There are 4 protein chains.
Amino acid sequence: MSDSDTPFTVEMQVRDYECDLQGIVNNSVYFNYLEHARHQFLKTRNLDFAQLAAQQINLVLIRCEIDYKSSLRPGDVFTVSVEPERISRLKIGFRQRIHRKVDNQLMIDAFATVTSVNGKGRPFMPDCIEPLFQVE
Amino acid sequence: MSDSDTPFTVEMQVRDYECDLQGIVNNSVYFNYLEHARHQFLKTRNLDFAQLAAQQINLVLIRCEIDYKSSLRPGDVFTVSVEPERISRLKIGFRQRIHRKVDNQLMIDAFATVTSVNGKGRPFMPDCIEPLFQVE
Amino acid sequence: MSDSDTPFTVEMQVRDYECDLQGIVNNSVYFNYLEHARHQFLKTRNLDFAQLAAQQINLVLIRCEIDYKSSLRPGDVFTVSVEPERISRLKIGFRQRIHRKVDNQLMIDAFATVTSVNGKGRPFMPDCIEPLFQVE
Amino acid sequence: MSDSDTPFTVEMQVRDYECDLQGIVNNSVYFNYLEHARHQFLKTRNLDFAQLAAQQINLVLIRCEIDYKSSLRPGDVFTVSVEPERISRLKIGFRQRIHRKVDNQLMIDAFATVTSVNGKGRPFMPDCIEPLFQVE
């Protein structure tokens, strides 16, 4: 991406039930946020995760690295960005960052690697998935 | 660890509500499994995550890497292992693996890095946390 | 309420991770939706659930009845309404309905009864909670 | 049931991630517990919720009433009971109670009404579901 590019971004707000007994968003919930943003991104490529799954085309995560920089708290508004990056013929990576809106602080820096498998879990790249891999 | 060492292990079973529309355990749920196993491990060191949080001593994840090798399905019985490894004065790492019980297949290979912070999120290492860092 | 009254309403959208292996929103997730809408309603009365909890003022659910009329699916946009109704000096009820936006179909019809307890779980009605009970 | 009957019971333990910012099990999580116990009960009748769903036979909740008597806390061991009760040709009810193990205190008293629908959400009672309705 050139400097002028702005990545795809989803804005969300922390819901109280997403916080755990430490009073902060539970670690596992960031995974939900990241997944939701990726699925919204897919829709911009005319790919619908749920519809694909119904057709036995499963986009699955094969690796995820997350750096937790700081914790989101109840009511925080934040953005989740999604920047695709082709890794190989069958693998696509997504650089994802979560920023707290009030001060633009980086909370989460993540990299997710996804592939496409069929109903039996074998690598599978039907034509309809190709648009996802059109990363300039 | 020498070959003869057996890491701390927790056995669990997939519950149907942990599975998503692909019919497999949702990515975020493995985080719950890994966290639960770490907290059970802490108890073997006489550390209780919830009681520590009530005293404003917060054990927090600062980095996590997960390789998803294969997917757990409804009803699968599995084990989650926890192997601590001191990284620095304030950081401890946990190598964690999830194996499906029926065939001992490796499903998840993860490494979680944890630190201890006070109620304001600042690094904090009270004496009571020391036992956690006694990694031979 | 007179016919002209419009109840407090929150608009949300189903996220894929909220759906279970039947491909529909899991039963327990409606509880999250209902709770989130109640907490957003509380904010209109200048009450913040998380801040109250930090002061050992806990609003707790003591009873909930839910009729599941139909199931929300991935991507569905819906509204959650909140209509308060004083039940007794220490109990407040919330009639809550979830409608699917595309056709205004009633999906969930629920009634939640809430009370206020202190850190030890005993009934407790500090002055700051009074605004919640100002139901005309 | 005669007085001598003991209902089907599942034993579980609260996991820290199931607790919310009040430090107690979140309301929605009891739904997960109740559902898991019902699905374990179904297995005693040779019915597997996930396998049925894969065959487009969906057991769905149509009504649930829950009385929250007291709150489970981190680490609590508890039991969830399941007592079926035929309501009509197409509806089955489950009386479910959650007791804390240490003192046998009743925490949750619930009644869930379930029916069977096909992939399009229409009432559907294939022969394989009949065993569920064999309630003496």
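For the structure itself, look to the data block above.
Residues numbered from 1 in each chain as written. Chains lettered and ligands numbered in written order. Predicted model: local features only at pLDDT ≥ 70, side-chain atom pairs only at ≥ 80, totals over all residues.

## Structural notes on the packing of helix α1 (residues 27–44) of chain C against helix α1 (residues 27–44) of chain D
We apply this condition: Axes here mean lines fitted to C-alpha atoms, for a helix over just the part in contact, with angles spanning 0 to 180 degrees between N-to-C directions. Strands are runs of DSSP state E lasting at least two residues, helices are runs of H or I lasting at least four, and both sets are numbered from the N terminus onward. For this classification, under 35 degrees means roughly parallel, over 145 means roughly antiparallel, 65 to 115 means roughly perpendicular, and everything else is oblique. It is the C-beta atoms, placed from the backbone, that decide contacts: two residues are in contact if theirs lie within 7 Å. Note on residue categories: nonpolar means Ala, Val, Leu, Ile, Met, Phe, Trp, Tyr, Cys or Pro, charged means Asp, Glu, Lys or Arg, and polar means any other residue, Gly included.
Following both chains from N to C, one finds α1 of chain C and α1 of chain D inclined at 170°, their axes separated by 8 Å at the closest point. Here α1 of chain C lies roughly antiparallel to α1 of chain D, going by the angle between them. When α1 of chain C is examined against α1 of chain D, the residues Asn 27, Ser 28, Phe 31, Asn 32 and Glu 35 of chain C are found in contact with a partner set consisting of Asn 27, Ser 28, Phe 31, Asn 32 and Glu 35 of chain D. Per-class residue counts for the contact of α1 of chain C with α1 of chain D are 2 nonpolar, 6 polar and 2 charged.

## Some thoughts on the relation of the copies chain B and chain A
Our working rule: Here the copies are matched by least squares. The fit uses the C-alpha atoms of residues with pLDDT of at least 70 in both.
Structural alignment of chain B on chain A gives an RMSD of 0.0 Å, achieved by rotating through 180° and translating 0.0 Å along the axis. Within this description, the copies of the chain are treated as partners about a two-fold rotation axis. For chain B, the minimum C-alpha distance to the rotation axis belongs to Glu 65 of chain B and amounts to 2.2 Å. Take the interface residues of chain B: 100% of them recur as interface residues in chain A, which is what a same-surface contact looks like.

## Topic: the pairing of strand β2 (residues 58–68) of chain C
Quick note on the threshold: Note on pairing: DSSP must find at least two bridges between two strands before they are called paired.
Examined bridge by bridge, β2 of chain C and strand β5 (residues 106–117) of chain C share 10 bridges and lie antiparallel to one another. Among the inter-strand pairings, Ile 66 of chain C is bridged to a residue of β5 of chain C, identified as Ala 110 of chain C. Where β2 of chain C lies against strand β2 (residues 58–68) of chain D, 5 bridges are found, and the strand directions are antiparallel. Bridging from a neighbouring strand, Arg 63 of chain C pairs with Asp 67 of chain D of β2 of chain D.

## As for the environment of Ala 54 of chain D
All names here are of chain D. Quick reminder of the rule: Buried residues are those with 20 or more other C-beta atoms within 10 Å of their own C-beta, exposed residues have 12 or fewer, and partly exposed residues lie in between; C-beta atoms are placed from the backbone.
Mapped onto the elements, Ala 54 comes out in helix α2 (residues 49–54). Among the residues examined, Ala 54 registers 13 C-beta atoms within 10 Å and is labelled partly exposed. Residues Ala 54 and Asn 27 lie 27 residues apart in sequence; the distance between their C-alpha atoms is 29 Å.

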